[in-house]
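# A look at the structure
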Amino acid sequence: DGGITQSPKYLFRKEGQNVTLSCEQNLNHDAMYWYRQDPGQGLRLIYYSQIVNDFQKGDIAEGYSVSREKKESFPLTVTSAQKNPTAFYLCATTGEVYTEAFFGQGTRLTVV
Amino acid sequence: GQSLEQPSEVTAVEGAIVQINCTYQTSGFYGLSWYQQHDGGAPTFLSYNALDGLEETGRFSSFLSRSDSYGYLLLQELQMKDSASYFCAANTDKLIFGTGTRLQVFP
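Figured I'd write up the structure that's included with this text. (Residues numbered from 1 in each chain as written. Chains lettered and ligands numbered in written order. Predicted model: local features only at pLDDT ≥ 70, side-chain atom pairs only at ≥ 80, totals over all residues. Heavy atoms only, no water.)

## Remarks on the overall build of chain A
Scanning chain A for helices and strands turns up 0 helices and 11 strands. The N-to-C order of helical and strand elements in chain A reads β-β-β-β-β-β-β-β-β-β-β. For 112 residues, the compact-globule estimate of 2.2 N^0.38 gives 13 Å, and the C-alpha radius of gyration of chain A, at 13 Å, lies within 12% of that figure. With the C-alpha coordinates aligned to their principal axes, the bounding extent of chain A is approximately 40 × 25 × 20 Å. The buried share of chain A, reckoned over its 112 residues, is 47%. (Helix = DSSP H or I, 4+ residues; strand = E, 2+ residues; numbered from the N terminus. Rg over C-alpha atoms; globule rule 2.2 N^0.38 Å. Buried < 20%, exposed > 50% of the residue type's maximum accessible area, 1.4 Å probe, protein only.)

Below is the structure:
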C-alpha cells in the first residue's frame, strides 16, 4: 500500500540526548515536511524539502536537523539544543501540485 | 510573516450547520486547504480551493475569497463523529497551517 510511515510511534529521550525520528514514503512525492504539534495547538513547520539533497528551515528549526539523501526518506534529528522537545511530531508529503498533504501517524516524543 | 487565524473553538448540536472561518496573510499563495484531526490522530485532507468560490464535497463545503484573504469550511448535517479539530492551510512553496478550531458536536 502507498503511504507514509513514521517510526517509532512513541519515543522517550533522556535530557542531553539526540534522537532521530524516521519518515519514509512510497508515494513518489517530491516535497516532504516535518511539523511539531503541542497539546491543543496547531502544526508548526520545522523543516521542509522540495527535492532530494535540498531542504529549508521552517518557523521553528532551532534545535532540529534533517537530511534528504533519498526521495523516500526525510529523517528528523531532535538535538540536545532543543530545550523543550516533548511534543507530537508529524511528517507529511505533497505531490506536484501541492494540493493534498498526506501525513504519517506521528511520533510522540517525551523527555524523561 | 505568514499566518492563518481561526477561531479557537466552535460548538453545535447534531444536525446543525457550522462555519469555520480562516483569514490568512501569506506570500506566494496557491490555494487554501482544510484538514480534520481527531484527538491523538494525524490530520486528514478535506478539501482544497485554488480559485474563488465554493467547493462542495458531500456534507462539507469550502469557500475562498482571494481578494479578502479569507476562506471558510462549512459543515452541514453535523454528526457526533465530526467532533474534531479543523485546520486551514495555505499552499505556498510550503504548507503553512492555521491555529486550528476545535469543533464540539453535542447530541
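## Quick word on the environment of S27 of chain B
Residues and elements named next belong to chain B. Secondary-structure assignment places S27 in the loop between β3 (18-25) and β4 (31-37). Classification of S27 as partly exposed rests on a relative accessible area of 46%. Taking the C-alpha atoms as reference, S27 lies 18 Å from Q6; in sequence the two are 21 residues apart. Discounting residues that sit within four places of it in the chain, S27 has contacts with Q2 and T92. (Contact = heavy atoms within 4.5 Å.)

## Quick word on the pattern of salt bridges
Residue and element names in this part refer to chain A. Under the definition given, this model contains 5 salt bridges over all chains. Put simply, D38 and R36 hold a salt bridge, and the shortest N to O gap is 3.0 Å. With respect to burial, D38 and R36 carry one shared label: buried. The salt bridge partner of D38 is R44, with a shortest N-O separation of 2.8 Å. Overall, R44 belongs to the partly exposed group, its relative accessible area being 40%. Ionic contacts of the salt-bridge type, sharing partners, join the residues R36, D38 and R44 into one network. (Salt bridge = Lys/Arg side-chain N within 4 Å of Asp/Glu carboxyl O.)

## Section: the state of the cysteines
Scanning the model with the defined rule gives 2 disulfides over all chains in all. Here C23 of chain A engages in a disulfide with C91 of chain A; their sulfurs sit 1.9 Å apart. The disulfide joining C23 of chain A to C91 of chain A has a torsion of about -70 degrees about its S-S bond and is therefore left-handed. One end of the pair, C23 of chain A, is in strand β3 (residues 19-25); the other, C91 of chain A, is in strand β9 (residues 87-94), with 68 residues separating them in the sequence. No difference in accessibility class separates C23 of chain A from C91 of chain A, as the two residues are buried. Between the sulfur atoms of C22 of chain B and its disulfide partner C88 of chain B the distance amounts to 2.1 Å. For the disulfide bridge between C22 of chain B and C88 of chain B, the dihedral angle about the S-S bond is near 75 degrees, and by the sign convention the bridge is right-handed. (Disulfide = S-S within 2.5 Å.)

## A closer look at the packing of aromatic side chains
This structure, assessed with the given rule, holds 15 aromatic pairs over all chains. Through a chain of ring-to-ring contacts, three or more aromatic side chains come together here, namely Y33, Y35, Y48 and F103 of chain A together with Y35, F45, F87 and F97 of chain B. When the ring centre of F74 of chain A is taken as reference, the NZ or CZ atom of R68 of chain A above it lies at 5.9 Å. Between R108 of chain A and the ring centre of F88 of chain A, over which it is positioned, the NZ or CZ distance is 4.2 Å. (Phe/Tyr/Trp six-rings, centres within 6.5 Å; stacked < 30°, edge-to-face > 60°. Lys NZ or Arg CZ within 6 Å of the ring centre and 35° of its normal.)

## Notes on the interface of chain B and chain A
Contacts between the two partners involve 20 residues from chain B, matched on the other side by 21 residues from chain A. Each partner contributes to the roughly 1,600 Å² buried at the junction of chain B and chain A, and carbon and sulfur atoms together form 58% of this total. The tally of links from chain B across to chain A stands at 0 salt bridges. Looking at the side of chain B that touches chain A, the elements that each hand over two or more residues are β4, β5 (44-49), β9 (84-91) and β10 (95-97) of chain B. In the side of chain B that touches chain A, the residues fall into 10 nonpolar, 8 polar and 2 charged. (Buried area = accessible area lost by both parts, 1.4 Å probe. Nonpolar A, V, L, I, M, F, W, Y, C, P; charged D, E, K, R; others polar.)

## Some remarks on unusual backbone geometry
All names here are of chain A. The linkage connecting S7 with the following residue, P8, adopts the cis geometry, with an omega of -10 degrees. Summarising the element assignment, P8 is placed in the loop between β1 (4-7) and β2 (10-13). For N53, which is not glycine, the phi torsion reads 65 degrees and is therefore positive. Mapping N53 onto the fold places it in the loop between β5 (43-51) and β6 (54-57). Looking at N53, the relative accessible area reads 62%, which means it is exposed.

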